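Fold and contact review
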Amino acid sequence: MKKEQLYEGKAKKVFATDRANECIVSYKDDATAFNGLKKGTIRGKGEINNRMTNYLMQHLEKEAGIPTHLISELSPTDTLVKRVKIVPLEVIVRNVIAGSLSKRLGAPEGTELKCPVLEFCYKDDELGDPMVNDYHILAMGWTDEATLSKIKDYAFRTNEYLKKFFSEIGIDLIDFKLEFGITADGVLVLADEISPDTCRFWDSKTKEKLDKDRFRRDLGDVEGAYQEMIRRVFTHE
Ligand code: UDP
């Protein structure tokens, strides 16, 4: 079923299948940060990110009506997905100030935002994924106005669903990054992953970081944090 490798990214490989409109995503334990400057391995990460992404996407489809690229989980690390053309944007939603926003606004991490903040970055490693706004996106033709408006709607609805989901397992959803794609039939779907690599998760009581910041900032017990997150996600009713 798995045919030639189409692409290898920092955390995943993508393979062709015998169907032109489907491909297989294979999650790796490799971790990178700071645009590839820091490299390492997080044991068990591939499996955890694959299973968490699929669980959340399945729930987002069913309970929040967000279309996703998910077709079916093939193994602990591999998933069959719809082949899409990725919209070259990182769609970031923030509920609490952290990371780059803390630096940009000079506000301490942990500061609550009065409403969710939506940001776009243009996906280009060489440029370091620069932040852009609606005007850049439309003027460069990265997507059209109707699709952009749907992306915003899906991003905020995903945030509402995930915020509640994670609060029920004792986790504050600080911020996260989404990517969207267009299927062969021209349908906009949520793609990529939703995992501790792409979200900031803080324990609601202790505010302990349970995400990739443990790797980025050398906070220790990175594997333990990923394991704790998948354990909690699977205890959600
Ligand atoms: N993020 C991501 N990939 C990126 C950049 C950011 O998944 O290339 C996620 C990151 O994990 C966090 C959110 O997007 O949950 C906001 O990240 P931020 O802009 O604060 O950047 P960072 O501080 O991670 O460089």
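This text goes with the structure placed above it.
Residues numbered from 1 in each chain as written. Predicted model: local features only at pLDDT ≥ 70, side-chain atom pairs only at ≥ 80, totals over all residues. Heavy atoms only, no water.

1. Some points on the overall build of the protein chain
A count of helices and strands for the protein chain gives 6 helices and 14 strands. Its C-alpha atoms give the protein chain a radius of gyration of 17 Å, within 12% of the compact-globule value 18 Å for 237 residues. Reported as C-alpha extents along the three principal axes, the dimensions of the protein chain are approximately 50 × 40 × 40 Å. The proportion of buried residues among the 237 residues of the protein chain is 51%. In the protein chain, the share of contacts with a sequence separation of at least 24, taken over all contacts with a separation of at least 6, comes to 56%. Separation of charge centres in the protein chain, based on 37 positive and 41 negative side chains, amounts to 1 Å. (Helix = DSSP H or I, 4+ residues; strand = E, 2+ residues; numbered from the N terminus. Rg over C-alpha atoms; globule rule 2.2 N^0.38 Å. Buried < 20%, exposed > 50% of the residue type's maximum accessible area, 1.4 Å probe, protein only. Contact = heavy atoms within 4.5 Å. Lys, Arg positive; Asp, Glu negative; His and termini not counted. Charge placed at Lys NZ, Arg CZ, Asp CG, Glu CD.)

2. A closer look at the site of the ligand
The environment of the ligand is made up of 15 residues, and the closest members are Arg-94, Ser-100, Asp-175, Arg-200 and Arg-216. With respect to the ligand, the side chain of Glu-90 contributes an N or O atom lying 3.2 Å from an oxygen atom. In the environment of the ligand, an oxygen atom lies 2.7 Å from a nitrogen or oxygen atom belonging to the side chain of Ser-100. When isolated, the ligand has an accessible area of 510 Å², and the protein chains bury 77% of it. Elements represented by at least two residues in the shell around the ligand include exactly strand 9 (89–96), helix 2 (99–105), strand 12 (171–183) and strand 14 (199–203). Tallied by class, the residues present in the shell around the ligand amount to 4 nonpolar, 3 polar and 8 charged. (Near = heavy atom within 4 Å. Polar contact = N/O pair within 3.5 Å; in protein donor to acceptor, adjacent residues only side chain to side chain. Areas by Shrake-Rupley, 256 points an atom, 1.4 Å probe, with all protein chains shown as cover. Nonpolar A, V, L, I, M, F, W, Y, C, P; charged D, E, K, R; others polar.)

3. Comments concerning the environment of Lys-114
Following the sequence through the fold, Lys-114 ends up in strand 10 (residues 112–122). Classification of Lys-114 as exposed rests on a relative accessible area of 88%. Put simply, Lys-114 and Asn-95 are 19 residues apart on the chain and 8.2 Å apart in space, counted from C-alpha to C-alpha.

4. Concerning the pairing of strand 4 (residues 30–33)
Sheet topology note: the strand 4/strand 5 (residues 38–41) ladder contains 4 bridges and is antiparallel. Bridged to Ala-33 within strand 5 is Lys-38. Between strand 4 and strand 5, which pair antiparallel in sequence order, lie 4 residues; one of them, Phe-34, sits at a positive phi of approximately 55°. (Pairing = 2+ DSSP bridges.)

5. So, the environment of Val-81
Relative to the assigned elements, Val-81 resides in strand 7 (residues 78–82). Accessibility expressed as a relative area gives 3% for Val-81, which makes it buried. Val-81 sits 13 residues away from Thr-68 along the chain, and the two C-alpha atoms are 8.8 Å apart. The contacts of Val-81, once residues within four sequence positions are left out, are Asn-21, Glu-22, Cys-23, Val-25, His-69, Leu-70 and Ile-71.

6. Side note on the side chain of Thr-32
Relative to the helices and strands, Thr-32 resides in strand 4. Residue Thr-32 is classed as buried on the basis of its relative accessible area, which comes to 14%. The residues touching Thr-32, leaving out its near neighbours within four places in the chain, are Lys-10, Lys-38, Lys-39, Lys-212 and Phe-215.

7. Considering the nonpolar core
Counting residues in each nonpolar core, the largest one holds 48 residues, and the members touching the most others are Phe-166, Ile-194 and Phe-201. The dominant element in this core, judged by the number of residues it contributes, is helix 4 (residues 145–167), at 8 residues. In this view, Phe-166 contacts Leu-56, Ile-171, Phe-201, Met-229 and Val-233; residues no more than four positions away in its chain are not counted. Membership of the second largest hydrophobic core comes to 5 residues, among which are Val-14, Cys-23, Val-25 and Val-81. (Core = buried A, V, L, I, M, F, W, Y, C linked by side-chain atoms within 4.5 Å.)

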